[in-house]
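Spelled out, the chains give:
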Amino acid sequence: MSKKMHIKLNVNGKAEEFLAEPRELLIYTLRERLNITGPHIGCETSHCGACTVTINGKSVKACTMFVAQADGAEITTIEGIGGPDDLHPLQTAFKELHGLQCGYCTPGMITRATKLLEENPNPTEEDIRFGMAGNLCRCTGYQNIVKSIQAAAAEMNAAKEAAE
Amino acid sequence: MKDDVTREERVDNLKGLGCSRKRVEDARFTQGKGNYVDDIKLDGMLFGDFVRSPYAHARIKSIDASAALEVPGVLAVLTADDLRPLGLHWMPTLAGDKQMVLADGKVLFQGQEVAFVVAEDRYAAADGIELVEVDYEELPVIVDPFASLKSDVILREDLVAEDGSIPAGAHGPRKHPNHIFTWEAGDKDPTAEVIANADVVVTESMYYHRTHPCPLETCGCVASMDKVNGKLTLWGTFQAPHAIRTVVSLISGIEEHNIRVISPDIGGGFGNKVGAYPGYVCSVVASIVTGKPVKWIEDRMDNLMTTAFARDYHMTGKISATKEGKITGLQCHVTADHGGFDACADPTKFPAGFMNICTGSYDIPTAYLEVDGVYTNKAPGGVSYRCSFRVTEAVYFIERMIEVLAIELDMDAAELRRINFIKKEQFPYTAALGWEYDSGDYHTAWDKALEAVDYEGLRAEQAQRVEDFKAGKTRSLMGIGLSFFTEIVGAGPVKNCDILGLGMFDSCEIRIHPTGSAIARLGTISQGQGHATTFAQILASEIGLSADSITIEEGDTDTAPYGLGTYGSRSTPVAGAATAMAGRKIRAKAQMIAAYLLEVHDDDVEFDVDRFVVKGAPERFKTMKEIAFAAYNQAIPGLEPGLEAVSYYDPPNMTYPFGAYICVMDIDVDTGVPEIRRFYALDDCGTRINPMIIEGQVHGGLTEALAVALGQEIAYDDMGNVKTGTLMDFFLPTAWEVPNYETDYTVTPSPHHPIGAKGVGESPHVGGVPCFSNAVQDAFRPFGNRHTNMPHDHWRIWQTANKLGLHG
Ligand code: FES
Ligand code: FES
């Protein structure tokens, strides 16, 4: 066991401050220390993407980062993307288009997709399949995930246009 | 009463059978509010994890945990010696064998559980594991089942008598210390005779490699022994919570009413979560010892290396036919690698599952099957990975045999299938290996599929491609994969299907609330199949209340009626039937209440969508909502108050979904990379409950089939080391590799199921694997390929091309 570090994070708009061993993986910080259980664990080796969160504006697999490396970071998890009163268009689209089955990959998928659509608001099917390739799903075969992301993109673009 | 909605609107409002109702589960999952086992957090909860064997076969000379116990946060280290006084160092398997919970003197596979470290959190447990010293003496390793049957090395000394004789096992006599059973079906001599006298005979050997269901969530549990009240609560990734409760009671001695097993949300199962694993037993013991809740969660490597492999069947077939291609006989021998313990999850009387469905969709008059189970130094398991028991193996076998027979006869493989299909008028059809197929219309499905893809056009294009290839105009070949499968699901009739003596019925209990909403509880458990959505639809159509007003609850043994759980596509065929039957009991009582309220005789009212109407006077009716209220607020002569029902359903037969799949693939001969250009999947699962969910199941099952056919494998080296223990080496397709699938259907309802449904979740996997494999093999057929083994990864495809001399 090594010496504990003083860590500050901002998670979903909330400031957090605590002492932690530097070796603690960020995914455990979120899930066990902060009780944010939306991000899941499917491999702990950066392959599955179930643990995907957004850190300082980038998609990151939270199992691949020590909490020490995240010190001072702004983190968004699925819990910060939308709730019962303000669903994100992606959350609605996944539900409408059957973009999930067991739901285990879903928080990571949706969190990743929010960044994908920020980076590329008009993705082709290929763009989506490539951009989502870091997130594994064992249930859906991806077809309806792709459709959900396309539908959410259209919805978001329409909303943006209407606002302009 | 005034009625301002049309009948059509009333039907729509029900959201019953046949509509693509959106899933009720999704709100919580899309918002990160699912509740999976690793999300459970209890006061004072500890974490347990295993010291695992690095060797595939070794004797354990000593275990020293003293240094581990010095680690801050480590509370206990359990070994077999600690479990022995409780009789828990071994546990029974579902297959009639027994399995070490913690290594008892030796280890039989890499990754085997040796000691259980209990600590305050997972980091402390990991630190403790590092410091447990185990002294191993290596023993010769056997990873090949054929070598195992000839070896002097005895893997299971516990199964050999002191005088060296070999006592019979759970499935009859054993012929070698490493032999588990021989299982037969069909007629041996008559089949041999037919084959000996046939015009045409082909023999082919194929290996259906070892793989793993690998759900995205691994296995795990939380055990909490409440010593004050004497109650044990066990949350876990259980596909069969009631069976787990019974097993825990039998092996721990805790009375069953004092055990509550809860399956929370489950992140995919695919067969991985059917069995009972050492982690469950150790967590329970650790909770009893420490008096605190104990959590155990596998990591991915533990998962791939130890819990629940699938397949590993070495199959040799002989198929005989007339010159015209009419099949006359089929023989199949399987050498089944079961690993170190026989922990296959099959109904008790079926040690090779339903492998005896291997005559497939064809009218084959004579057949014989023999399966030998063998011990090796590999992980135990043998689960049904997204299929009914061993049905993927059976279907792969026959769909490959058909292809090699077509080659031998120089016939088109689609035509060969067509002339051998069981005909519509032959159903119910008794196959040579014993099953009675309930219903089918294979020719219609096949013709629809071939037409949909323009099969003739594809064959012409393929022939042109071969010409172009030979002329040096292209380096790409085209494969057309065909597969026609018949599944056998819905285990099953109690007369021949049980697990540990528990009949494989299932159940549903319904309570209607006074205001006309309801809760129904079932003995099954969803792992993503959407039961909360679809079972409510079945019920809505049966009892006339909107699916939106019906809560479905599963997975808590304190509240749900006893059932055998969800696997083998049994939920819809068995629990779905129980749901309909319980619904009909509700309706029968509702009819009496309606008749009383309408002041007519019971027989003078009839059910119509959401109400009972007086026959011939449709303006006189009582809605189900009104009837529900009356059940609670009126004293009706001769009737008890309330509106509840329960049904335990013992199916009279299995159901037999079928389908026709066609895959078009382009293969780069120089890189071995296959590109799936088109995949057409026609499924007939009988009555369709929710088309959206059916399609989702087909997409998912096909993707798991793609994985298995094109790369996914649990591979061992000669020392018994697992070579594919992480997602780096174990192939799970990403969105990038997966095509869009075209889905289609025909509807041939099951004649014996109350609503005619047959189950669909596993069909695409069963039918998909041979379809992808056949596509690869078909591409090389013009160059002399007959059979190559899966998985067809790029390297193996390249090797096939190379062997056929296609690299110049
Ligand atoms: S758990 Fe982080 S990528 Fe799999
Ligand atoms: S929905 Fe189950 S893993 Fe994606």
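This one's a predicted model, so the numbers in the text were calculated from it and none came from an experiment.

What counts as what
- Residues numbered from 1 in each chain as written.
- Chains lettered and ligands numbered in written order.
- Predicted model: local features only at pLDDT ≥ 70, side-chain atom pairs only at ≥ 80, totals over all residues.
- Heavy atoms only, no water.
- Helix = DSSP H or I, 4+ residues; strand = E, 2+ residues; numbered from the N terminus.
- Rg over C-alpha atoms; globule rule 2.2 N^0.38 Å.
- Buried < 20%, exposed > 50% of the residue type's maximum accessible area, 1.4 Å probe, protein only.
- Contact = heavy atoms within 4.5 Å.
- Areas by Shrake-Rupley, 256 points an atom, 1.4 Å probe, with all protein chains shown as cover.
- Lys, Arg positive; Asp, Glu negative; His and termini not counted.
- Charge placed at Lys NZ, Arg CZ, Asp CG, Glu CD.
- Expected span 1.5 Å × (residues − 1).
- Domains from an automatic or database assignment.
- Buried area = accessible area lost by both parts, 1.4 Å probe.
- Salt bridge = Lys/Arg side-chain N within 4 Å of Asp/Glu carboxyl O.
- Polar contact = N/O pair within 3.5 Å; in protein donor to acceptor, adjacent residues only side chain to side chain.
- Nonpolar A, V, L, I, M, F, W, Y, C, P; charged D, E, K, R; others polar.
- Core = buried A, V, L, I, M, F, W, Y, C linked by side-chain atoms within 4.5 Å.
- Pairing = 2+ DSSP bridges.
- Axes fitted to C-alpha atoms, helices over the stretch in contact; angles between N-to-C directions.
- Patch = residues over 30% accessible without salt bridge, like charges linked within 9 Å, V, L, I, M, F, W, Y side chains within 5 Å.

### Overview of the overall build of chain A
Counting its regular elements, chain A contains five helices and five strands. Moving toward the C terminus, one meets the helices and strands of chain A in the order β-β-α-β-β-β-α-α-α-α. Rg of the C-alpha trace for chain A: 16 Å, near the compact-globule value of 15 Å for 164 residues, within the 12% margin. On the principal axes, the C-alpha backbone points of chain A span a range of 50 × 35 × 25 Å. Within chain A, the fraction of its 164 residues that count as buried is 55%. When contacts within chain A are restricted to residue pairs at least 6 apart in sequence, long-range pairs at least 24 apart make up 55% of them. Total accessible area computed for chain A in this model is approximately 6,800 Å², and 52% of it derives from carbon and sulfur atoms. Here chain A holds 16 positive side-chain charges and 20 negative ones, and the gap between their average locations is 7 Å.

### Examining the overall build of chain B
Each helix and strand in chain B was counted, giving 20 helices and 33 strands. A globule of 808 residues ought to have a C-alpha radius of gyration of about 28 Å, and chain B, at 28 Å, matches this closely. Judged by the C-alpha coordinates and their principal axes, chain B covers about 85 × 75 × 50 Å. Taking all 808 residues of chain B together, the buried fraction comes to 66%.

### Concerning helix 5 (residues 143-163) of chain A
Look at helix 5 of chain A: 31 Å from first C-alpha to last across 21 residues, which is about the 30 Å you get at 1.5 Å a residue. What helix 5 of chain A keeps buried is the set Q143, N144, I145, V146, S148, I149, A152 and A153 of chain A. Each element contacted by the buried residues of helix 5 of chain A is listed here: helix 2 (89-96), helix 3 (106-119) and helix 4 (125-131) of chain A together with helix 18 (691-710) of chain B.

### Focus: the domain arrangement of chain A
All names here are of chain A. Taken domain by domain, chain A comprises domain 1 (5-80) and domain 2 (89-159). Contacts between domain 1 and domain 2 engage 18 residues on the former and twelve residues on the latter. Both sides of the domain 1 and domain 2 interface together cover about 1,100 Å² of buried area, and 54% of this is carbon and sulfur. Counting across the domain 1 and domain 2 interface gives zero salt bridges.

### Regarding the environment of V289 of chain B
Residue and element names in this part refer to chain B. By secondary structure assignment, the location of V289 is in helix 9 (residues 278-290). Here V289 falls in the exposed class, since its relative accessible area comes to 53%. For V289 and D729, which are 440 residues apart along the polypeptide, the C-alpha to C-alpha distance reads 39 Å.

### A look at the interface of chain A and chain B
Taken together, the contact between chain A and chain B spans 51 residues of the former and 53 residues of the latter. At the boundary of chain A with chain B, total buried surface from both sides reaches about 4,500 Å², with 54% on carbon and sulfur atoms. The interface formed by chain A and chain B includes five salt bridges. Notably, a salt bridge pairs E704 of chain B with R138 of chain A, separated by 3.5 Å at the nearest N-O pair.

### Things to note about the domain arrangement of chain B
All names here are of chain B. When the domains of chain B are assigned, the result is domain 1 (7-34 + 506-649), domain 2 (37-141 + 218-266 + 274-306) and domain 3 (309-490 + 654-803). A separation of 37 Å is found between the C-alpha centroids of domain 2 and domain 3. Applying the counting rule to domain 2 against domain 3 returns zero salt bridges. Taken together, domain 2 and domain 3 are joined by seven residue pairs in polar contact (both at pLDDT 80 or more). Secondary structure elements with two or more residues in the side of domain 2 that touches domain 3: strand 5 (98-100) and helix 10 (300-306). Ranked by residue count, the leading element in the side of domain 2 that touches domain 3 is helix 10, at five residues. Here the residues of the side of domain 2 that touches domain 3 are counted per class, giving 14 nonpolar, six polar and four charged.

### Re the nonpolar core
In globular proteins that are soluble, nonpolar side chains generally tend to be buried together. In this structure, I149 of chain A together with F354, M355, V371, F397, Y437 and F772 of chain B are the most contacted members of the largest nonpolar core, which totals 215 residues. Looking at this core element by element, the count peaks at twelve residues for helix 11 (residues 391-409) of chain B. Non-local contacts of F397 of chain B, meaning those with residues more than four positions away in its chain, are made with M206, M315, T316, G317, L330, Q331, C332, M355 and C358 of chain B. Judged by nonpolar contacts, the second largest core, of 44 residues, contains I538, I552, L643 and A757 of chain B.

### Examining the sheet that holds strand 2 (residues 14-20) of chain A
Residue and element names in this part refer to chain A. Taken together, five strands build an open sheet; the order of strands is 2-1-5-3-4 and the sheet is mixed. Two strands close off the open sheet at either side, each with one partner strand: strand 2 and strand 4 (58-61). On average, each strand axis in the sheet is tilted by 40° relative to the strand beside it, whichever way the strands run. As judged from the seven bridges shared by strand 1 (residues 5-11) and strand 2, these two strands associate in the antiparallel manner. Directly across from H6, in strand 2, lies its bridge partner L19. Along the sheet face, helix 1 (residues 26-33) touches strand 1, strand 2, strand 3 (52-55) and strand 5 (74-76) and points at about 110° away from the line of strand 2.

### Considering unusual backbone geometry
The residue after F427 of chain B, namely P428 of chain B, is reached through a cis peptide bond having omega -5°. Relative to the assigned elements, P428 of chain B resides in the loop between helix 12 (413-420) and strand 19 (429-430). Residue P791 of chain B follows M790 of chain B across a cis peptide bond; omega there is -10°. Note on placement: P791 of chain B falls in the loop between helix 19 (763-780) and helix 20 (794-803). With a phi close to 45°, N56 of chain A is a non-glycine residue in the positive phi region. Along the chain, the position of N56 of chain A falls in the loop between strand 3 and strand 4. Despite not being glycine, C214 of chain B shows a phi value in the positive range, around 45°. When you line up the elements, C214 of chain B lands in the loop between strand 10 (200-211) and strand 11 (220-226). By relative accessible area, C214 of chain B is classed as buried at 0%.

### A short note on the sheet that holds strand 32 (residues 674-684) of chain B
Residue and element names in this part refer to chain B. Strands sit in the order 21-31-32-33 across an open sheet of four strands; the sheet is mixed. Because the sheet does not close on itself, it has two edges, and the strands there are strand 21 (476-486) and strand 33 (742-745). Averaged over all neighbouring strand pairs, the angle between strand axes comes to 15°, with direction disregarded. Alignment of strand 21 against strand 31 (residues 658-668), held across eleven bridges, turns out to be antiparallel. If you follow T486 over to strand 31, its bridge partner there is F658. Set on the sheet, helix 14 (residues 455-470) makes contact with strand 21, strand 31 and strand 32; between it and strand 21 the angle comes to about 145°.

### Quick notes on the pairing of strand 3 (residues 74-78) of chain B
All names here are of chain B. The element strand 3 is extensively covered by neighbouring structure, given that four of its five residues are classed as buried. Note that strand 3 and strand 7 (residues 113-119) share four bridges and pair antiparallel. Each bridged residue has a counterpart across the sheet, and for A76 the counterpart in strand 7 is V118.

### A few points about a negative patch on the surface
On the surface, a cluster of negative charge is made up of D4, E8, E9 and D12 of chain B. Relative to the helices and strands, E8 of chain B is located in helix 1 (residues 7-14).

### Notes on helix 11 of chain B
Residue and element names in this part refer to chain B. Taking 1.5 Å as the rise per residue, helix 11 with 19 residues should run 27 Å; its terminal C-alpha atoms sit 27 Å apart, in good agreement. For helix 11, the tally of buried residues reaches 17 of 19 residues, placing the bulk of the element in the interior. Note on helix 11: the residue one or two positions beyond its end, D410, has a positive phi of about 55°.

### Things to note about the pattern of salt bridges
A side chain with one charge may pair with a side chain of the opposite charge, provided their charged atoms come close. All names here are of chain B. All told, the structure shown has 70 salt bridges over all chains when counted by the stated rule. A salt bridge links R570 to D506, with the shortest nitrogen-to-oxygen separation between them at 2.7 Å. Taken together, the positions of R570 in the loop between strand 26 (550-554) and helix 16 (571-598) and D506 in strand 24 (residues 506-512) put the pair 64 residues apart, joining distant regions of the chain. Neither residue differs from the other here; R570 and D506 are each classed as buried.

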